[in-house]
Amino acid sequence: MLRSIKPLVAMKPAFARTFSDGAFTSDGKHIVTMIPGDGIGPEISHSVKRIFAANNVPIEWEDVDVTPFLKNGVTTIPDEARDSVNKNKVALKGPLATPIGKGHVSMNLTLRRTFDLYANVRPCKSIVGYKTPFDNVDTVLIRENTEGEYSGIEHEVVPGVVQSIKLITEDACRRVNEYAFNYARSIGRPTVTVVHKANIQKLSDGLFVSIAREIAKDYPDIKLNEALLDSVCLHVVQNPTDYSNTVMVMPNLYGDILSDLGAGLIGGLGLTPSGNIGRKASIFEAVHGTAPDIAGKDLSNPTALLLSSVMMLRHMKLDQHATEIETAVLNTIAQGEALTGDLGGKSTNTQFTDAVIKNLSA
Amino acid sequence: MQRHAARLAQPLQSYRSFGTVGTKTSLVQSDPLTASGTVYGGIHTVTLIPGDGVGLEMATSVKTIFRAAGVPIEWEQFDLTGYTDSKDDTLVRQAMDSIRKNKVALKGLLYTPTNRLGHVSWNGMVRKELDVYASTTLIQNLPGSWPVRHKNVNFAIIRENTEGEYSGKEHEPVPGIVESLKVSTHAKTERIAKYAFDFALKNKRNKVTIIHKANIMKLGDGLFLRTCREVGKRYESFGIKTEDMIVDNASMQLVSKPHQFDVIVCGNLYGNILSNVGAALVGGPGIIPGANIGRDFAVFEPGCRHVGKDIMGTNMANPTGMILSSVHLLRHIGLSDHADRISKAVTKVIKKGNVLTPDVGGTNTTTDFTLAVIGELD
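Everything numeric here is computed off the predicted structure, so don't read it as measured data.

Summing up its helical and strand segments, chain A has 11 helices and 15 strands in all. Scaling as 2.2 N^0.38, a compact globule of 362 residues should have a C-alpha radius of gyration of about 21 Å, and chain A matches this with 20 Å. Taken along its principal axes, the extent of the C-alpha atoms in chain A is 55 × 50 × 45 Å. Per-residue burial over chain A gives 60% buried out of 362 residues. Approximately 13300 Å² of chain A is accessible, and the part contributed by carbon and sulfur atoms is 51%. Here chain A holds 36 positive side-chain charges and 40 negative ones, and the gap between their average locations is 3 Å.

Below you can see the structure in the form of structure tokens.
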């Protein structure tokens, strides 16, 4: 008996700018860039494509490879990939391996810089059928994606003394906070919580908080809460349900840690979707690793990428398809018969995908 | 003369017990004969800074228990508060001078304002200026009956207290652009690593996990990781394993599989995050003991640092963390008999479970708990 599963991410886009731009085929389908990625990436992207086809989603995929090269010392993705994403405005991405070698920065950082992806949206919702010590988690976190502690500005002052610079700029704070308030409004959460350590970092986090306060004035229907990082780390683990009706917004590092903390509450990165919003384009991605040990063996779990693709569908205002696919995925996990190894089952990726397709027509 | 003779009589490696309920955890650099700066007629003078929020209630609890147990401690109390618009730190400096004299202190948390016109963190100032560089927080399930997400959690967080993200060095080169400097030095990293590995060794723990984000902060955290690994190599022959984990992964692992952690060594900010997550796993900040140890001084305060303004004055705070921190203080200055008595009493009250504060599911007050502990003193 199937219980009705509530939608995981009701991400109705507040900035509807990018979805109706983008590229279309002659028969009106959206063209979406697919970055399969490395390791298990190709297998799980294939699963997504199969499920989308089974649900007749009006999307045509444009596969690209983002393996970077060094151009004047800067890690750059191939022109073809960059042009595709800029044209289509929406992309779905599998896990990427950061190339090892001199001068290469992480792939995620490269993509963020190339497309100016300024806000990382990380919802974490408990999955029925996969029990963790934490019940009814339903947190949404928006992380500033471009600066902060990850600005990459470091130097060794004298041997043995290093300074790492955390950069906070008004522009970046403004963008991400505006997105957070809009997002909260669009998914019907009445508050935004800005997470900071402005007692210790008075200027940097202080700036972030003061911009949040300024922007809050433009959204009288949304209440702004301010919370210290320590408090949030404590309370979200003690009582995650306290954060079910707020959207958290924070600088880069805190966002990185708290979003993975949230993933830990619901069962790991294999179940967590993620969306990166930019002015020019948005990339939805699976945040887990490339799992080279199981690559090519049909053992991977496509759930994370599927849930990210659902976020993407909502971003593109294809809500009907989003809900159908999401319900099918969640029902498949809840039924517990076709689970992959990481969820405690013995099925293959193909079997899981087949089960989802079967649930689509159920 | 007598002291000198006593010192010779002491075994060279004395096991000082830091732990209370169940475990006997030893503090590194804890020599009872030199730990206390002011001892006259057997009475130790200890600086006490109750702090803000629930600090006063918890300090009162400790003082009451100590008095009932006949602990030979005289408190030199400084009722500082961080709730002030002034940046005048005269009182804080007086308190620090007292700590320099007494060498040992018990303290609650002082509030730090979040606006840029407010004063800096006086908690941080005390830690930095007295150079009590090693913050030791013990995350451990107590034998209480309250619901916890994970049982049998037992790990220690050794956190560098004086540099890193909390250097407080920020500037605004042009309006709207702010830089905050995270300072990492080889010297301070090496000494915190040594502390962590010595801690592991003394307490027969097997593994030290280095927490970092060196994949992104290649120079800063790269230095931290490299230095800790180097120190770790010297302890390999003693059977202490070294491993490392990226901080976001560590947070995730902490909430799903906390049993894999034994001793964690990390910088200031990561230690903050992990101690809060750890506290949440075992029952909250009210039960976590802590210590800040330096070469010359020791400042004991709750391991999970919260002011607790929301329950201030309501007599609802859980004094367990503060009491356990004070027990560690007693062991540190060589009053282990008193430490054992009080620790046993606390264990009994927690085990019995009929007098507990609201944060761990009870309905009793701070005073009730304090009296219950006194009642169990033998």
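There's plenty left to go through after this.
Below, the discussion takes up the packing of aromatic side chains. Within the structure shown, the criterion is met by 10 aromatic pairs over all chains. Geometrically, the ring pair formed by Tyr118 of chain A and Tyr179 of chain A is edge-to-face, given 6.4 Å between the ring centres and 80° between the ring planes. Linking Tyr118 of chain A in strand S7 (residues 117-125) with Tyr179 of chain A in helix H5 (residues 170-186), this pair joins segments that are 61 residues apart in sequence. Between the aromatic rings of Phe155 of chain B and Phe261 of chain B, the centroid separation amounts to 6.0 Å while the plane-to-plane angle is 55°, which identifies the pairing as tilted. Of this pair, Phe155 of chain B sits in strand S6 (residues 154-160) while Phe261 of chain B sits in the loop between helix H8 (247-256) and strand S11 (263-266); the two residues are 106 residues apart in sequence, bridging distant segments of the chain. A relative accessible area of 0% means that Phe155 of chain B is categorised as buried. When its relative accessible area of 3% is taken as the criterion, Phe261 of chain B is described as buried. One aromatic cluster in this structure is built from Tyr118, Tyr179 and Tyr183 of chain A. The aromatic ring of Tyr118 of chain A is capped on one face by Arg279 of chain A, whose charged end is 5.6 Å from the ring centroid.

The next subject is the sheet that holds strand S8 (residues 177-185) of chain B. Spatially, S9(A)-S10(A)-S8(B)-S7(B) is the arrangement adopted by the 4 strands of the open sheet, whose pairing is antiparallel. Of all strands in the sheet, those with a lone pairing partner are strand S9 (148-158) of chain A together with strand S7 (164-174) of chain B, marking the two edges. Mean inter-strand twist for the sheet, computed between neighbouring axes without regard to direction, equals 30°. Summarising the sheet, strand S10 (residues 161-169) of chain A and S8 of chain B pair through 9 bridges and their orientation is antiparallel. Of the residues in S8 of chain B, the one forming a bridge with Val161 of chain A is Thr185 of chain B.

Closest axis-to-axis distance for the helix H7 (residues 229-238) of chain A/helix H9 (residues 268-282) of chain B pair is 8 Å, and the angle between their directions is 30°. Relative to H9 of chain B, H7 of chain A is oriented roughly parallel. Between H7 of chain A and H9 of chain B lies a crossing whose hand is right-handed. On H9 of chain B, the residues that touch Leu229, Asp230, Cys233, Leu234, Val237 and Gln238 of chain A of H7 of chain A are Leu269, Asn272, Ile273, Asn276, Val277, Ala279, Ala280 and Leu281 of chain B. Here the residues of the contact of H7 of chain A with H9 of chain B sort into 10 nonpolar, 3 polar and 1 charged.

Before going further, it helps to examine the confidence of the model for chain A. Per-residue pLDDT for chain A averages 90, and the proportion of residues at 70 or more is 93%. Per-residue pLDDT stays below 50 along residues 1-18 of chain A; that stretch engages in 54 contacts with residues further than four places along the chain or on separate chains.

Of note, Arg112 of chain A is situated in helix H4 (residues 107-115). The charged side chain of Arg112 of chain A is buried without a salt bridge, its nearest counter-charge being Glu285 of chain A at 5.1 Å.

All names here are of chain B. Under the definition given, this model contains 42 salt bridges over all chains. For Lys213, the salt bridge goes to Asp248, with nearest N and O atoms at 2.8 Å. Of this pair, Lys213 sits in the loop between strand S9 (207-212) and helix H7 (220-234) while Asp248 is found in helix H8, placing the two residues 35 residues apart along the sequence. Overall, the relative accessible area of 4% leaves Lys213 in the buried class. Exposure remark for Asp248: the relative accessible area of 9% places this residue in the buried category. For the salt bridge of Arg229 with Asp244, the shortest nitrogen-to-oxygen distance reads 2.8 Å. With a gap of 15 residues between them, Arg229 in helix H7 and Asp244 in strand S10 (residues 241-246) connect regions that are remote in the sequence. For Arg229, a relative accessible area of 39% gives the class partly exposed.

Our next topic: the layout of surface pockets. Of the volumes computed, that of the second largest pocket is approximately 1100 Å³. Along its surface, the second largest pocket is lined by 40 residues, and Ser106 and Asn108 of chain A together with Lys213, Asn215 and Ile216 of chain B are the ones closest to its centre. Of all the secondary-structure elements, those providing two or more residues to the lining of the second largest pocket are H4, S7, S9, helix H8 (252-266) and strand S15 (282-286) of chain A together with H8 of chain B. Element by element, the count of residues in the lining of the second largest pocket is highest for H4 of chain A, at 5 residues. Its residues assigned to classes, the lining of the second largest pocket shows 15 nonpolar, 13 polar and 12 charged.

What follows covers the interface of chain A and chain B. Much of the literature gives interface size as the accessible area that the parts lose upon coming together. Listed by partner, the interface residues are 50 residues for chain A and 56 residues for chain B. Of the roughly 4500 Å² buried between chain A and chain B on both sides combined, carbon and sulfur atoms contribute 66%. Summed over the three residues of chain A that lose the most area to chain B, namely Lys202, Leu203 and Ile257 of chain A, the buried surface amounts to 15% of that side. There are 1 salt bridge connecting chain A and chain B.

About the thresholds
- Residues numbered from 1 in each chain as written.
- Chains lettered and ligands numbered in written order.
- Predicted model: local features only at pLDDT ≥ 70, side-chain atom pairs only at ≥ 80, totals over all residues.
- Heavy atoms only, no water.
- Helix = DSSP H or I, 4+ residues; strand = E, 2+ residues; numbered from the N terminus.
- Rg over C-alpha atoms; globule rule 2.2 N^0.38 Å.
- Buried < 20%, exposed > 50% of the residue type's maximum accessible area, 1.4 Å probe, protein only.
- Areas by Shrake-Rupley, 256 points an atom, 1.4 Å probe, with all protein chains shown as cover.
- Lys, Arg positive; Asp, Glu negative; His and termini not counted.
- Charge placed at Lys NZ, Arg CZ, Asp CG, Glu CD.
- Phe/Tyr/Trp six-rings, centres within 6.5 Å; stacked < 30°, edge-to-face > 60°.
- Lys NZ or Arg CZ within 6 Å of the ring centre and 35° of its normal.
- Pairing = 2+ DSSP bridges.
- Axes fitted to C-alpha atoms, helices over the stretch in contact; angles between N-to-C directions.
- Parallel < 35°, antiparallel > 145°, perpendicular 65-115°, else oblique.
- Left-handed = near helix turned anticlockwise from the far one by under 90°.
- Contact = heavy atoms within 4.5 Å.
- Nonpolar A, V, L, I, M, F, W, Y, C, P; charged D, E, K, R; others polar.
- pLDDT = per-residue confidence, 0-100.
- Salt bridge = Lys/Arg side-chain N within 4 Å of Asp/Glu carboxyl O.
- 1 Å grid on protein atoms, 1.4 Å probe; cavity = no way out; pocket = protein on both sides within 12 Å on 5 of 7 lines; lining within 4 Å.
- Points joined across faces, edges and corners; volume = space filled by probe spheres on them.
- Buried area = accessible area lost by both parts, 1.4 Å probe.

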